[in-house]
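Understanding the architecture of this molecule
So you can see what is in the structure, the chains are spelled out below.
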Amino acid sequence: MAIRLTHTVIPVSVKLKTPARISARSSLPFSVGDWRGVSIFSGARQLVVSAKVKQRRGEDIEDPVPIEEDSSTDELVDDQFLHFEERDFSGTPCVPVYVMLPLGVIDMNSEVVEPGELLDQLRTLKSVNVDGVMVDCWWGIVEAHTPQVYNWSGYKKLFQMIRELGLKIQVVMSFHECGGNVGDDVHIQLPEWVREIGQSNPDIYFTDRAGIRNTECLTWGIDKQRVLRGRTALEVYFDYMRSFRVEFDEFFADNIITEIEVGLGPCGELRYPSYPAQHGWKYPGIGEFQCYDKYLMKNLQEAAEVRGHSFWGKGPDNTESYNSTPHGTGFFRDGGDYDSYYGRFFLNWYSRVLIDHGDRVLAMANLAFEEIRIAAKLSGIHWWYKTASHAAELTAGFYNSSNRDGYGPIAAMLKKHDAALNFTCVELRTLDQHEDYPEALADPEGLVWQVLNAAWDVNIPVASENALPCYDREGYNKILENAKPLTDPDGRHLSCFTYLRLNPTLMQSQNFKEFERFVKRMHGEAVPDLGLAPRTQETKSE
């Protein structure tokens, strides 16, 4: 493992006798190890550091790393700590830190789950100066049984608890199903009355080429179709958001609610449900196009007729399946049909449907919420980023092939509505992806750089969150690097960061100490142990 010094804090010279390869699985669909390798410095003797990484199947892998150092660093020897390179963020701009509450914090009866335990956890978060929490307001709970009959009672109790502790709230208008995706530990379906409509008209859901329906959320093809008991999908979303705005007026007036993140697709993200685990998708599959419900197909046919090529009014037939690779398809391979006249037409249409949906729903959100800031969430689809077609991004609706910018038009649409961009995967490292899944040709760091700059170029606020649970210092340091880029000439930084997610593992003593340290550094405060990490038991024994 090569050590790259870009901002040296401790002047020591290091000679690696044997290169170490420390691997930690770190991609959207998989769990992350408890500890990841860092550049390690210790005393003036040869030291073997064992880096342990918890693999998915439970095996531990140890890579001994003999390190020889100069005797001039004797004064830095500390039996309790490892010395390593770490940037000092004291005096940097404050980036507020929010914590997502558990997905099932409100049950299907609209009651707060285990309020006593939750209150203790909230107090603990407040004690380390966390700025606030993020709460999903589930459509499937609030408007569960009857159209336009809303039950906000559980959320009112929850919000009151949060307000009494002096915490702020980010609210998510969650118009999607919970369950079946990474990190989902509860199952919350779409409202019962919506599912009843879906039984007789399954085309209200996104559909793949094989005709398989995805019930995570409603297809964008019915945004303007009166198929939901006399209302369009846009009207349903607006009525729900306006009900929330009226019911929680006091929380808006007191500035307790600081932001509304508007759900725009699966997982609340502006994307097609192109990689559904419940349909057999596995990382790093390219996914499949999701435009085969009758409403979107009619839209495609009309667009083809306007273009003057009515035979283009169908989806591509050579994209293979969810778990294919780009080079295994006629459409996504280098020089494939994705860059043909038809391919460019189809991808333009497919991505335009996504942008138009965001445009319409965010316009409704601004009407519903008036002056409060709204936000939209984009997923970090980093696999196959190093290929020409960017196949996984294309099936998700981001027309971001190597000869085209897929995120600039989305940023421009958000700018139109004064909406912030919330982006994921800021904790992921490209090197980790290359070591664990070299075949995926992933580049999360390149993707983050592109998306953040697309948003900053049009001067919209950019917030972020981690894609996977993060408890280790290396992950936190990566988040900090992206939150406050050292080399940005304009000193731009994230508007806020939301940590995924409050759970018992985070509250464990050592994990929470690391989290508290992270919060201080995000706030621009100094920490006393800069460049120091507690030694593991294995290291001490060497």
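Predicted, not measured: the structure shown is a model, and the values here were computed from it.

**Description of the overall build of the chain**
Along the chain, the regular secondary structure elements total 16 helices and 15 strands. Residue burial in the chain is summarised as follows: out of 542 residues, 58% are buried. If you take every contact in the chain between residues at least 6 apart in sequence, the share linking residues at least 24 apart comes to 76%.

**As for the pattern of salt bridges**
Applying the stated rule across the entire model yields 32 salt bridges. A salt bridge links Glu269 to Arg271, with the nearest nitrogen and oxygen atoms 2.7 Å apart. Residue classification places Arg271 among the buried positions, given a relative accessible area of 3%. The partner of Glu465 in a salt bridge is Lys377, and the shortest N-O contact between them spans 2.7 Å. Highlighted residues: Glu465 in strand E13 (residues 462-465) and Lys377 in strand E11 (residues 374-378), separated in sequence by 88 residues. The residues Glu465 and Lys377 share a single accessibility class, namely buried.

**A closer look at unusual backbone geometry**
The step from Tyr283 to Pro284 runs through a cis peptide bond, and the omega angle for that step is 5°. Along the polypeptide, Pro284 turns up in the loop between strand E10 (257-262) and helix H7 (294-307). Residue Leu500 is joined to Arg501 through a cis peptide bond whose omega torsion reads 5°. Here Arg501 lies in the loop between strand E14 (496-499) and helix H14 (504-507).

**Re the UniProt feature "active site" (unreviewed entry) in the chain**
According to UniProt, the positions carrying the feature "active site" (unreviewed entry) are Glu269 and Glu465. Annotated residues spanning 197 residues; largest pairwise C-alpha distance 12.5 Å, indicating a single compact cluster. Position of Glu269 relative to the elements: it lies in the loop between E10 and H7. For Glu269, the contacting residues outside a window of four places in its chain are Leu264, Tyr275, Lys377, Ser379 and Thr424. Residue Glu465 is classed as buried on the basis of its relative accessible area, which comes to 2%. If sequence neighbours within four positions are ignored, Glu465 has contacts with Met100, Lys377, Asn422, Phe423, Thr424, Cys425, Val426, Phe497 and Thr498. A polar atom in the side chain of Glu465 sits 3.1 Å from the side chain of Asn422.

Calculation rules
- Every chain is numbered independently, its residues counted from 1 as its sequence is written.
- In keeping with the predicted nature of the model, local features appear solely for residues at pLDDT of at least 70, side-chain atom pairs appear and are counted solely at 80 or more, and the whole-chain, interface and lining totals rest on all residues.
- To get the side-chain values, all heavy atoms of the structure are used, and hydrogens and water are removed first.
- The helix and strand labels rest on DSSP assignments: H or I over at least four residues marks a helix, E over at least two residues marks a strand, and numbering proceeds from the N terminus.
- Under the scheme applied here, a residue whose accessible area is under 20% of the maximum for its type counts as buried, over 50% as exposed, and between as partly exposed, the area being computed with a 1.4 Å probe on protein chains only.
- Any two residues whose heavy atoms approach within 4.5 Å are treated as being in contact.
- Salt bridges are identified by distance alone: a Lys or Arg side-chain nitrogen within 4 Å of an Asp or Glu carboxyl oxygen.
- UniProt positions are given in the numbering used here, feature names are shortened, and annotations may be inferred rather than shown by experiment.
- Any pair of N or O atoms that falls within 3.5 Å is considered a polar contact. Within protein, one atom must be able to donate a hydrogen and the other to accept it, and sequence-neighbouring residues count only if both atoms are side-chain atoms.

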